[in-house]
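So you can see what is in the structure, the chains are spelled out below.
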Amino acid sequence: DAFCAVDGGLDSLTYNAAGLATMRRSELRMDYAHGLFQDNFSFLGLAVPVKAMTLSAGAAYYDAGTISLNLSNGFRGVVKAEQDWVGLLGGAFALPGGFSVGGMAKYYHLTLAQQATASGGAFDAGAIWHAPLQGLNFGAAAQNLGPAVKFEQDSDPLPLTLRAGISYTLELHRFESLQEAAVAFDRFLFTAESIKLRNDKMAAATGMEMRLPFGGDNYGALRFGYLFNRDIDSLCLGIGFKEGRFLLDYALGVKKAIGNDHHFSIGIRL
C-alpha cells in the first residue's frame, strides 16, 4: 500500500494516477487477486503516453463468493454475495517544477446477493513532486470522491481514501565508488505512506524493493512491506520479473489469524 509517491506506471493507477505521468512506453496489464473468503479481484488496464500526457483506461471486477439466502418472500438458494464492476478512464501529465498530476473517473455497478443494485460515479486525484534530490519523491492522493452509493432507499458513503507518502530510489550506478564493485542489486526503492480510510483509523505502510539486473533492461525484484495499525493486515512479500517486454509479479499478504492474500499480475510493454 506504500505506493502513492512512486512513478509506478500502470501499477500506480489504483494508488495515485499521477504516477503514470512519466511513462515512456505503452503498457497493458492484467491483475488477479485471491482473497480471504474465496473472493477474487480481477483488473485489466492500458496506459498510452500521448505527447505531453499519459492516457489510461481499465476495467475491474470483484466477486465476493457465494452465500445462502432464506428470504421472507420465499426465496431460498445459493447466490453470489456481491459482484462489482468498475470502469476507469484517466489522464496524467507533468508540470514545471518537478510536479506530476493525474486524475481518474470511475463508473461502478454493484450487485448485492443478486437482489439489489446500485450504480454511480467517483473520481480520484493525485500529485507527485520530484524533489531536487535525485530519486526523492513526495506524493498525495484522494480516492473515491463522489456521492453516496444508494441501494433502493438506503445510502452509504463511498470509501473515501486519503494517501500521503514519500519514496526514495537509490540507484547504485550513480556512485563512482560502487560502479566497479560486485554488487548483486543495482537499485533500491524505499517507501513510506500514511493512509486514512473513511470511518477507519489512520494506518501507515512501509515498503522496500531490491532490483537484481539480469542483463540489458531485464531484472528480477524482491519486495517487502509492512502495514501498521491494521487489525488484519501485516507483512507483505513479493517478487517480480521483467524479460524483454514482459512483466510478471506475485505478492503475498500475510494476515493475522486468518488466511493470506495472493496477488498475481502479468503485463506487456508495447
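Quick note: structure is the one above.
Residues numbered from 1 in each chain as written. Predicted model: local features only at pLDDT ≥ 70, side-chain atom pairs only at ≥ 80, totals over all residues. Heavy atoms only, no water.

A. Representation of the pairing of strand 16 (residues 233-243) in the model. For strand 15 (residues 218-228) and strand 16, the ladder comprises eight bridges, and the chain directions are antiparallel. Paired with Ala221 across the bridge in strand 16 is Gly240. For strand 16 and strand 17 (residues 246-255), the ladder comprises nine bridges, and the chain directions are antiparallel. Counted as the bridge partner of Ile239 is Tyr250 from strand 17. With antiparallel pairing between neighbouring strands as the criterion, strand 16 and strand 17 make up a hairpin whose turn holds two residues, including Gly244 at a positive phi of roughly 65°. (Pairing = 2+ DSSP bridges. Helix = DSSP H or I, 4+ residues; strand = E, 2+ residues; numbered from the N terminus.)

B. Representation of the nonpolar core. Counting residues in hydrophobic clusters, the biggest one holds eleven residues: Leu10, Leu13, Leu20, Ala21, Met23, Phe43, Ala47, Ala60, Leu88, Ala92 and Met104. Taken together, the elements giving at least two residues each to this core come down to strand 2 (40-50) and strand 6 (82-95). For Met23, the contacting residues outside a window of four places in its chain are Gly9, Leu10, Ala47, Pro49 and Thr54. Residues Ala116, Ala118, Ala122 and Leu158 belong to the second largest nonpolar core, which totals eight residues. (Core = buried A, V, L, I, M, F, W, Y, C linked by side-chain atoms within 4.5 Å. Buried < 20%, exposed > 50% of the residue type's maximum accessible area, 1.4 Å probe, protein only. Contact = heavy atoms within 4.5 Å.)

C. Representation of the packing of aromatic side chains within the structure. Inspection of the entire model under this criterion finds eight aromatic pairs. Through a chain of ring-to-ring contacts, three or more aromatic side chains come together here, namely Phe99, Trp129 and Phe138. (Phe/Tyr/Trp six-rings, centres within 6.5 Å; stacked < 30°, edge-to-face > 60°.)

D. Highlighting the pattern of salt bridges. Applying the stated criterion to the full structure yields 13 salt bridges. Residue Arg211 pairs with Asp186 through a salt bridge whose shortest N-O separation is 3.2 Å. Here Arg211, found in strand 14 (residues 203-215), pairs with Asp186, found in the loop between helix 1 (176-179) and strand 13 (187-197); they are 25 residues apart in sequence, far enough to count as distant. Here Asp217 ties to Lys242 by a salt bridge, and the two come within 3.1 Å at their closest N and O atoms. Residue Asp217 is found in the loop between strand 14 and strand 15, and its partner Lys242 is found in strand 16; the two are separated by 25 residues along the sequence. Since its relative accessible area comes to 3%, Lys242 is described here as buried. (Salt bridge = Lys/Arg side-chain N within 4 Å of Asp/Glu carboxyl O.)

E. Fine view of the side chain of Asp249. Inspection of the secondary structure assignment puts Asp249 in strand 17. Among the residues examined, Asp249 registers a relative accessible area of 13% and is labelled buried. A polar contact of 2.7 Å, which involves the side chain of Asp249, links it to the side chain of Arg223. If sequence neighbours within four positions are ignored, Asp249 has contacts with Arg29, Arg223, Ile239, Gly240, Phe241, His263, Phe264 and Ser265. (Polar contact = N/O pair within 3.5 Å; in protein donor to acceptor, adjacent residues only side chain to side chain.)

F. Main features of unusual backbone geometry. With phi around 50°, Ala113 is a residue other than glycine that occupies positive phi space. With respect to the secondary-structure elements, Ala113 resides in the loop between strand 7 (99-112) and strand 8 (116-130). Accessibility expressed as a relative area gives 13% for Ala113, which makes it buried. The backbone of Asn144 shows a phi angle near 65°, a positive value even though the residue is not glycine. For Asn144, the position within the fold is in strand 9 (residues 136-145).

Function cannot be inferred from these measures alone, as they are strictly geometric.
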